[in-house]
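Observations on the three-dimensional arrangement
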Amino acid sequence: MTSILLETENAARRIRQRVLSVAHHAPGDGVHISPALSMVDILSVLYGAVMRYDPQAITDTQRDVFILSKGHGALGLYATLCEFGIMTPAQLDTFELNGSVLQVHPTKHPEYGIDFSGGSLAQGLSFATGLALGRRLKHEAWHTYVLVGDGECNEGAIWECAFMAAHHKVDNLTLIVDRNGLQSDGHTEDVMRMDLEALWRACHWETLVCDGHDLDALANAFAAPHNGKPKVIIANTVKGKGVSFMENNKEFHRNRISSQQLSEALTELNGSTPC
C-alpha cells in the first residue's frame, strides 16, 4: 500500500471514530449510523487521494465536486469533511443541534463543503449529471462524483438519468453505488432483486465492481478510464463496517448508541475518541 493510501486508511479509522462519537452525543431520537459507516472508505479515498480541491477554498468553482445522493449517510460526509480540514471539529459537534446547518440530511452550504441538499432519494444523480454536463459544455476539466445507495437504485429516477447521461456521453461523471445489501425495510435482495452490474452495462455506462473497503481496489477503480462514457463503480460494502455489533445489523440503520456501546466500538477500532 502506498504512503498516500496508508494515510487514507488512518483517516478512515478516525472518520469512523468521529461518526460514532458525534452520533452518541446527538440530541435526537436516533442517528443513521450504519449507512454512514459503510461509505467511509469510499469517501476517504475520494477526499484523500482522488479529488482535486483546496480545503481552504472549498467554495471555489474550480475544483472537483462530490454529491451525496444517499442523504441519510450525511454524518459520514460531515466527519469526512472534518477529517480533511474543510469543516472544523467544533462545527461537526453541532450535528443536529437547534440552529445548526448539520442536520440529519445534508442541506446545501458550500462554505461547509456541502454542495447538494439531500434527503429525497435519487435526486443527487440528476443534479450531478447536470453539473457535469454543464462543465463539459463550458470546456472545464473538473470532475463530478456522486454516491448513491443500492436501495436507492429502486427509484425510477435513477434509471431515467442513467439513460440520459449515457446518451450525452457525460464522461466527466463518476457514480459510486454503496452496495451494502441492506435498506430500511430489510435486505435489498428481498425488497427488490436487481442485477446492478447488468443494469448499468445495459444503460451503456463504463461499469466496474470492487470491494468498497479495499483502498487499493477503490483507487484503481477511480483511476480506470471512462472510455467516453459516464462511469459507475459498484462498491461492495458492509453496513456498519468497522463495528462488529453494527455490521449487517438493520437495527443500526437509525438508532441511538449508548456510552457502553461507544466505548466498545472505539476499542474495536483501536483508537480513542478524537479531539
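Presented here is an overview of the structure given in this document. Quick caveat: nothing in here was measured; it's all calculated off a predicted structure.

Basis of the calculations
- Residues numbered from 1 in each chain as written.
- Predicted model: local features only at pLDDT ≥ 70, side-chain atom pairs only at ≥ 80, totals over all residues.
- Heavy atoms only, no water.
- Phe/Tyr/Trp six-rings, centres within 6.5 Å; stacked < 30°, edge-to-face > 60°.
- Helix = DSSP H or I, 4+ residues; strand = E, 2+ residues; numbered from the N terminus.
- Buried < 20%, exposed > 50% of the residue type's maximum accessible area, 1.4 Å probe, protein only.
- Salt bridge = Lys/Arg side-chain N within 4 Å of Asp/Glu carboxyl O.
- Contact = heavy atoms within 4.5 Å.
- Pairing = 2+ DSSP bridges.
- Right-handed = clockwise from strand over helix to strand, strands pointing away.
- Axes fitted to C-alpha atoms, helices over the stretch in contact; angles between N-to-C directions.
- Parallel < 35°, antiparallel > 145°, perpendicular 65-115°, else oblique.
- Left-handed = near helix turned anticlockwise from the far one by under 90°.
- Nonpolar A, V, L, I, M, F, W, Y, C, P; charged D, E, K, R; others polar.
- Core = buried A, V, L, I, M, F, W, Y, C linked by side-chain atoms within 4.5 Å.
- 1 Å grid on protein atoms, 1.4 Å probe; cavity = no way out; pocket = protein on both sides within 12 Å on 5 of 7 lines; lining within 4 Å.
- Points joined across faces, edges and corners; volume = space filled by probe spheres on them.

A word on the packing of aromatic side chains. Enumeration over the complete set of coordinates arrives at nine aromatic pairs. Judged by centre distance (6.3 Å) and plane angle (25 degrees), the ring pair of Tyr 47 and Phe 84 falls under stacked. Separated by 37 residues along the polypeptide, Tyr 47 in helix 3 (residues 40–50) and Phe 84 in the loop between helix 4 (74–83) and helix 5 (89–92) bring together distant segments of the chain. Given a relative accessible area of 6%, Tyr 47 falls into the buried group.

Moving on to the pattern of salt bridges. Scanning the entire structure with this criterion turns up eleven salt bridges. Where Glu 83 meets Arg 14, a salt bridge forms, and the shortest distance between an N and an O atom there is 2.7 Å. Of the two residues, Glu 83 is situated in helix 4 and Arg 14 in helix 1 (residues 3–25); the sequence distance between them amounts to 69 residues. Residue Glu 83 is classed as buried on the basis of its relative accessible area of 18%. Of the charged contacts in the structure, one is a salt bridge between Glu 83 and Arg 18, with a shortest N-O distance of 2.9 Å. With Glu 83 in helix 4 and Arg 18 in helix 1, the pair connects residues that are 65 residues apart, well separated along the chain. The two residues Glu 83 and Arg 18 agree in class, both being buried. Put simply, Arg 14, Arg 18 and Glu 83 are held in one network by salt bridges that share partners.

The subject of this paragraph is the environment of Cys 82. If you trace the backbone, Cys 82 turns up in helix 4. In sequence terms Cys 82 and Tyr 47 are 35 residues apart; their C-alpha atoms lie 11 Å from each other. Leave out the neighbours within four places in its chain, and Cys 82 touches Arg 18, Met 87, Thr 88, Pro 89 and Leu 92.

It is worth spelling out the pairing of strand 7 (residues 231–236) at this point. Two faces make up the sheet, and in a regular strand the side chains alternate between them. Within strand 7, five of the six residues are buried, leaving the element largely enclosed by the surrounding structure. Summarising the sheet, strand 3 (residues 173–179) and strand 7 pair through six bridges and their orientation is parallel. Bridge assignment links Thr 174 to a residue of strand 7, and that residue is Lys 231. Bridge count between strand 6 (residues 206–211) and strand 7: six bridges; the pairing is parallel. The residue of strand 7 that forms the bridge with Val 209 is Ile 234. Handedness of the crossover is the feature at issue here: the chain leaves strand 6, passes through helix 10 (residues 215–223), returns alongside strand 7, and the resulting connection is right-handed.

Here we come to the packing of helix 1 against helix 3. Geometrically, a packed helix pair is captured by the angle between its two axes and the distance between the axes. Running from N to C, helix 1 and helix 3 cross one another at 130 degrees; their axes reach a closest spacing of 9 Å. As judged from the angle between their axes, helix 1 and helix 3 are oblique. Here helix 1 and helix 3 pass one another in a crossing that is right-handed. On helix 3, the residues touching Ile 4, Leu 5, Thr 8, Ala 11, Ala 12, Ile 15 and Arg 16 of helix 1 are Val 40, Asp 41, Ser 44, Val 45, Gly 48 and Ala 49. For the contact of helix 1 with helix 3, the class distribution of residues is eight nonpolar, three polar and two charged.

Moving on, we get to the side chain of His 72. Examined against the element boundaries, His 72 turns out to sit in the loop between strand 1 (65–68) and helix 4. Those residues in contact with His 72 that sit more than four places away from it in its chain are His 32, Pro 35, Val 104, His 105, Leu 121 and His 253.

Leu 20, Leu 46, Tyr 47, Phe 66, Leu 75 and Phe 222 are the most contacted members of the largest nonpolar core, which has 59 residues in total. Of all the elements, helix 1 adds the most residues to this core, at eight residues. Excluding residues within four positions of it along the chain, Leu 20 makes contact with Ile 33, Leu 37, Val 243, Met 246, Ile 257, Leu 262, Ala 265 and Leu 269. Judged by nonpolar contacts, the second largest core, of 28 residues, contains Ile 67, Val 146, Cys 203 and Ile 234.

Let us now look at empty space enclosed by the protein. For the structure shown, the criterion picks out three cavities of 30 Å³ or more. Put simply, the largest cavity is a space of about 50 Å³. Lining the largest cavity, in full, are Tyr 47, Met 51, Tyr 53, Ile 58, Arg 63, Asp 64, Val 65, Phe 66, Leu 81, Ile 86, Gly 113 and Asp 115. When the residues that make up the lining of the largest cavity are grouped by side-chain class, the tally is eight nonpolar, one polar and three charged.

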